[in-house]
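# Results of the structural survey
Now for the letters of each chain:
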Amino acid sequence: MPSENSAATPWNKSPKRTEAKRTASPSLANKPAEQQAPVSASHIPFDKEAVSEDNKKHLRSRSLSGFSRLRSTARSCFNTFKDRLLQDAWQEAEEAAPDLDIVGLQWDTENYSCSYDAMITIMWNMWKEDMRQVSECQQMQNKTAKLMFKSFKAHAASKYSLEDARDKVRKCLHKMHREIFPKGQRRAHIEDLCFEIFTSRQIFGIESTKCTQCNTSVDEYIFHAGVIHITDDLWRKYAPGDGIAESLHMAFTKDILKVIQNHKMETLCPICESNYSLIVEFKTVPQVFAVSLHSKFMIQISYNVLLQVTGQEVIYKLRGVIYLGGYHYTARFIDNQGGVWYNDGMQTGRECIFEGHVSTLPESFLSTAEERTPKVLIYSTF
């Protein structure tokens, strides 16, 4: 609150400034107060150089302030434009990728888990698409597969993670076969894992060596596992040398699977001297089966394959590929709409990356993954 002696000013001038006005002119200082004329602003002396310097500083300040505002505005516009571009890119990716919740597993750094991660990534996403049909597959009515499906149900009910489901299966296999399914920084072979998951008491087929001319049978093997092995010998049956380097041949899995069911052998029948044939007869229709690739030659993966089962032709479609390279397994999952998803638990964790649709990808696309070669193919009727 101002005192009674202080003059009220609308702009709150400082007392020092007011005092400076009163003593600005020496000629007026000695005159009585009643004879002093009002002091105007034009009579107040000022330093031109000081004012000029002040103006320069003020103009410079305004210039810098304007430039800062301009730079800030430009940066804001650029960030907005960049965010819009990123948003458009993400929107295009989301529109291209199917609206499916395809997930993988996080790799275990202490107990190497890549073989389990690759297999369970494929089986979990298959199971999630059709729980009942996958769970009731005849060739997966065994202890390991049943435990896996039970763990899937628990994970679907949010009781524990998919990694916990993997570890339960791994613990069970380790108790049964400690050397085949070790712990620590030693990986299990994917072929052994396939055998445990796709084997049951039911007879799925008979592999026999016989002479088709005189029906002489030499050897017969009954198999319970839904696993077909492709070796170098079978590869050569479909892609013989014929003067071209073997490394240049590309054999399709659909053609090799035709050969594997009935192909001639080099061994001769001692009775009629005809070549023996190795014949594979499926006694029941396997809803799911695995192809284990043991050939070192080039194999091009077929999306659709055909098998002769009990006199009828059954069409299967590819559902998963497991690759090996650098002592590490990775996986591709093909959903029931033909979308291809890639997962590497070490690099991508639980995320599965959408790579496209089988109808738009090159034929050789599935034959390699980041310089890794395919080791196991999984086919199903659904």
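Because the structure is predicted, anything quoted here is derived from the model rather than measured.

## Considering the overall build of the protein
On a plain count of helices and strands, the protein comes out with ten helices and 14 strands. For the protein, the proportion of its 382 residues judged to be buried stands at 39%. For the protein, restricting intrachain contacts to residue pairs at least 6 apart in sequence, the fraction spanning at least 24 positions comes to 65%. Counting only carbon and sulfur atoms, one obtains 52% of the accessible surface of the protein, whose full area is about 22,900 Å².

## Digging into the environment of Ile299
Mapped onto the elements, Ile299 comes out in strand E8 (residues 299-300). In the structure, Ile299 is positioned 74 residues away from Thr373 in sequence and 9.5 Å away in space, judged by C-alpha atoms.

## Focus on the pattern of salt bridges
For the structure shown, the criterion picks out six salt bridges. As a salt-bridge pair, Glu163 and Arg350 come within 2.9 Å of each other at their nearest N and O atoms. In this pair, Glu163 sits in helix H7 (residues 162-176) while Arg350 sits in the loop between strand E12 (339-343) and strand E13 (353-357), placing the two residues 187 residues apart along the sequence. Judged by relative accessible area, which is 8%, Glu163 ranks as buried. The exposure class assigned to Arg350 is partly exposed, which follows from its relative accessible area of 49%. The structure contains a network of salt bridges with shared partners spanning Asp117, Arg166 and Asp167.

## Quick word on helix H4 (residues 114-129)
For H4, which comprises 16 residues, the first-to-last C-alpha distance of 23 Å matches the rise-based estimate of 22 Å (1.5 Å per residue) to within 8%. Burial analysis of H4 places 14 of its 16 residues in the buried class, which makes it a mostly covered element.

## Some details on a negative patch on the surface
A cluster of like negative charges, contributed by Glu207, Asp219, Glu220 and Glu281, occupies part of the molecular surface. Checked against the element boundaries, Glu207 lands in strand E1 (residues 205-210). Residue classification places Glu207 among the partly exposed positions, given a relative accessible area of 33%.

## Re unusual backbone geometry
Backbone geometry at Tyr327 places phi at a positive 60°, although glycine is not the residue there. Of the residues examined, Tyr327 reaches a relative accessible area of 45% and is grouped as partly exposed. Although it is not a glycine, Glu370 sits at a positive phi angle of roughly 50°. Structurally, Glu370 can be placed in the loop between E13 and strand E14 (373-380).

## Focus: the packing of aromatic side chains
Summed over the entire model, instances satisfying the criterion amount to eight aromatic pairs. For the pair Trp107 and Tyr112, a centre-to-centre distance of 5.2 Å together with 35° between the ring planes defines the contact as tilted. Summarising the aromatic geometry, the rings of Trp127 and Phe152 are spaced 5.6 Å apart at their centres and angled 55° between planes, so their arrangement reads as tilted. Pair noted here: Trp127 is in helix H4 and Phe152 is in helix H6 (residues 143-156), with a separation of 25 residues, a long-range link. Residue Trp127 is classed as buried on the basis of its relative accessible area of 1%. For Phe152, a relative accessible area of 1% translates into the label buried. Arg187 extends its terminal NZ or CZ atom over the ring of Tyr327, reaching a point 4.4 Å from the ring centre.

## Focus on the nonpolar core
Judged by nonpolar contacts, the single largest core of 44 residues is most densely connected at Met119, Met123, Met140, Phe152, Phe198 and Ile378. Secondary structure elements with two or more residues in this core: H4, H6, H7, helix H8 (190-197), strand E7 (288-293), strand E10 (312-325), strand E11 (328-334) and E14. Of all the elements, H4 adds the most residues to this core, at ten residues. Not counting residues within four places of it along the chain, the set of residues in contact with Met140 comprises Met123, Val134, Ala145, Lys146, Phe149, Ile197, Phe198 and Val288. The next biggest cluster of nonpolar side chains, apart from the first, holds 28 residues, and it includes Tyr323, Ile334, Leu361 and Leu366.

## Topic: the pairing of strand E9 (residues 304-309)
Where burial is concerned, the two faces of E9 differ: the one with Val305, Leu307 and Val309 is buried and the one with Asn304, Leu306 and Gln308 is not. Here six bridges tie E9 to E10, and the two strands are oriented antiparallel to one another. For Gln308, the partnering residue across the bridge sits in E10 and is Glu313. Where E9 folds back on E10, the antiparallel hairpin that results is connected by two residues, among which Thr310 adopts a positive phi of roughly 50°.

Parameters at a glance
Residues numbered from 1 in each chain as written. Predicted model: local features only at pLDDT ≥ 70, side-chain atom pairs only at ≥ 80, totals over all residues. Heavy atoms only, no water. Helix = DSSP H or I, 4+ residues; strand = E, 2+ residues; numbered from the N terminus. Buried < 20%, exposed > 50% of the residue type's maximum accessible area, 1.4 Å probe, protein only. Contact = heavy atoms within 4.5 Å. Areas by Shrake-Rupley, 256 points an atom, 1.4 Å probe, with all protein chains shown as cover. Salt bridge = Lys/Arg side-chain N within 4 Å of Asp/Glu carboxyl O. Expected span 1.5 Å × (residues − 1). Patch = residues over 30% accessible without salt bridge, like charges linked within 9 Å, V, L, I, M, F, W, Y side chains within 5 Å. Lys, Arg positive; Asp, Glu negative; His and termini not counted. Charge placed at Lys NZ, Arg CZ, Asp CG, Glu CD. Phe/Tyr/Trp six-rings, centres within 6.5 Å; stacked < 30°, edge-to-face > 60°. Lys NZ or Arg CZ within 6 Å of the ring centre and 35° of its normal. Core = buried A, V, L, I, M, F, W, Y, C linked by side-chain atoms within 4.5 Å. Pairing = 2+ DSSP bridges.

Functional significance is not addressed by these values, which are geometric in nature.
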